[in-house]
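# Reading the structure
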Amino acid sequence: MSMMDHCKDFLSWLDHDTSLNIFKGMDDPADLARVSCVSRSWRHFVIANGLSKQLCLRMFPPLSRVACVVELNQHGVKEHPEVGLSNSMEWLALQKDNRVYGCLARCCMSPVAMDCIAGRFSYWSSNGQINPNVPETLTYQLGSQICVIKEINIQPFQAHFQMGSPIYSAQSVRFKMGHQKASLDSLADEMFVWTYTSPEFPMAQENRLQTFQLPEPVLCIGGILQVELLGRVQRQEMDGLLYICISYVQALGIQLSPAFSVEILDPSGMFVLKRDQRAKCEPHATSDDESGMLNENLLREFRDFRRLLMWEHVMRIGAENGWDEEDYANGDFDFDFGFDEDVA
């Protein structure tokens, strides 16, 4: 008798619940994909029990708000299964869920991280306040309707053109993610639905890019990120008021569009998860050369922007003191921008 005669699928020996617990122990989408290739019975077991969907739900609980899954074919058209027996229709739906959730889980596990904020960075300053506890919020549109955010980086602004080069940091920071409400008539503080709120992180009073690692990667459904800046530290000498100023905000993670998109179903907050078969979810890894060129361009733009801020500051002081053209011409405005001025 050959060795193969003694081999038998363990699923036929174990009861359903025991087999299910064994398969649920897999927390890597690649492992689940591999076991689906072992045999027809294993693949059937994975699909019939929705194990790809369950894995995604364990990774990202907000997916529990998925109302339905839509798959667009190679022509960008929603798949419509042919009418048939109810059991056949149910099996086709389970197969579709397995494909969509399996692909989503693999994309979310990508080690590649990129800045998910849409557009370029820009300097921001609050209004001056007497009360140090007055908070500020910065709201950003992400580059994709559905993103996985792993960490957020913030650099406070250092005013090298002011006496003592003060740093206008906040005492702490907190992050919210969610989506915009469908109605545009809502009040400003009711325009968004927040599905995630981070812990509060202390900020250092230092002129550097500060990293805030989220406890776990967060699936942002709707593409809205809000940064809450809590507590004011630095008082401006000119007016005696407290300010918060930010040079740069970066949200590192994975953009899942165009392979995936969502349609929010207001007012329930449920959403439709769509997968486009024409697009592959392959995050772009920036090469060292591209990264160097990008950083150099950002430095140049930031240097020019800070020079503009300095001249705006000078013009404001001139207006307050009644300077004329001769005062501007004879003034010694030698300010340190904090960057290497030799950047070409």
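Throughout, a residue's number is its position along its own chain's written sequence, starting from 1. Only residues with pLDDT of at least 70 are given local features in this predicted model, and only at 80 or more are side-chain atom pairs given and counted; all residues enter the totals for whole chains, interfaces and linings. The side-chain numbers reported here are obtained from all heavy atoms of the structure, hydrogens and water having been left aside.

The name that an unreviewed UniProt entry assigns to the protein chain is F-box protein At4g00755-like, with the source organism given as Cicer arietinum.

With that settled, the discussion passes to the packing of helix α1 (residues 16–24) against helix α4 (residues 51–59). Relative orientation and spacing of two packed helices are given, respectively, by the angle between their axes and the distance between those axes. Two numbers describe how α1 lies on α4: the axes approach to 11 Å, and their chain directions differ by 50°. Taken together, the axes of α1 and α4 lie oblique to each other. For the pair α1 and α4, the crossing hand works out as right-handed. Between α1 and α4, the contacting residues are Leu20, Phe23 and Lys24 on the first element and Leu51, Gln54 and Arg58 on the second. Note on geometry: axes are lines fitted to C-alpha atoms, helical ones only across the stretch in contact, with angles between N-to-C directions running from 0 to 180 degrees. For the purposes of this entry, the term helix denotes a DSSP run of H or I that reaches at least four residues, the term strand denotes a run of E that reaches at least two, and both are numbered from the N terminus. Angles are sorted into four bins: roughly parallel if under 35 degrees, roughly antiparallel if over 145, roughly perpendicular if 65 to 115, and oblique for all others. By convention the crossing between two helices is left-handed if the near helix lies anticlockwise of the far one by an angle smaller than a right angle, and right-handed if it lies clockwise. Residue contacts are counted whenever heavy atoms from the two residues lie within 4.5 Å of one another.

Next up on the list: the UniProt feature "domain: F-box" (unreviewed entry) in the protein chain. According to UniProt, the positions carrying the feature "domain: F-box" (unreviewed entry) are residues 19–58. Summarising residues 19–58: 78% helix, 0% strand, and an end-to-end C-alpha distance of 18 Å. UniProt positions are given in the numbering used here, feature names are shortened, and annotations may be inferred rather than shown by experiment.

Moving on: the packing of aromatic side chains. Only centres within 6.5 Å qualify two rings of Phe, Tyr or Trp (six-membered ring in Trp) as a pair; their planes then separate them into stacked at under 30 degrees, edge-to-face at over 60, and tilted for everything else. Inspection of the entire model under this criterion finds seven aromatic pairs. Relative to Phe161, the ring of Phe157 lies with its centre 6.3 Å away and its plane at 50°, an arrangement referred to as tilted. Comparing Phe157 with Phe161, the two get one shared label, buried. The structure contains a cluster of three or more aromatic residues connected by ring pairs, namely Tyr123, Phe157 and Phe161. Type-normalised accessible area, obtained with a 1.4 Å probe on protein chains alone, sets the label of each residue: buried when under 20%, exposed when over 50%, and partly exposed for intermediate values.

With that settled, consider α1. Restricting attention to buried positions, one finds in α1 the residues Ser19, Leu20 and Phe23. The arc enclosing the buried residues of α1, seen along the axis, measures out at 100°, which places them on a common side. α1 presents Asp17 and Asn21 as exposed residues on the side facing more than 90 degrees away from its buried surface. In this structure, the buried residues of α1 make contact with α2 (29–36), α3 (40–48) and α4. Our arc is simply the arc of the directions from the helix axis toward the C-beta atoms.

Moving on, we come to the environment of Pro267. Following the sequence through the fold, Pro267 ends up in the loop between β14 (260–265) and β15 (270–276). Measuring from C-alpha to C-alpha, the distance between Pro267 and Lys181 comes to 8.1 Å, with 86 residues separating the pair along the chain.

The buried fraction of strand β6 (residues 170–180) is high, at eight of eleven residues. Two strands pair when backbone bridges link them, and β6 and strand β10 (residues 224–232) are joined in this way by eight bridges, in the antiparallel orientation. The partner of Arg174 across the bridge, within β10, is Glu228. Pairing between strands is defined by DSSP: at least two bridges between the two strands are required. Examined bridge by bridge, β6 and strand β8 (residues 201–202) share two bridges and lie antiparallel to one another. The residue bridging Ser172 from the neighbouring strand is Pro202, located in β8. Both β6 and strand β7 (residues 192–197) contribute to a ladder of five bridges, which runs antiparallel. In the sheet register, Lys176 faces β7, and the bridge partner there is Thr197.

A patch consists of residues exposed above 30% relative accessible area that lack any salt bridge, with like charges linked at up to 9 Å and nonpolar side chains (Val, Leu, Ile, Met, Phe, Trp, Tyr) linked at up to 5 Å. Only the protein chains shown count as covering a residue, and every accessible area follows the Shrake-Rupley method with a 1.4 Å probe. What counts as a salt bridge is simple: a side-chain nitrogen of Lys or Arg found within 4 Å of a carboxyl oxygen of Asp or Glu. A cluster of nonpolar residues, Trp13, Leu14 and Ile22, forms a patch on the protein surface that exposes about 330 Å² of accessible area. Checked against the element boundaries, Leu14 lands in the segment before α1.

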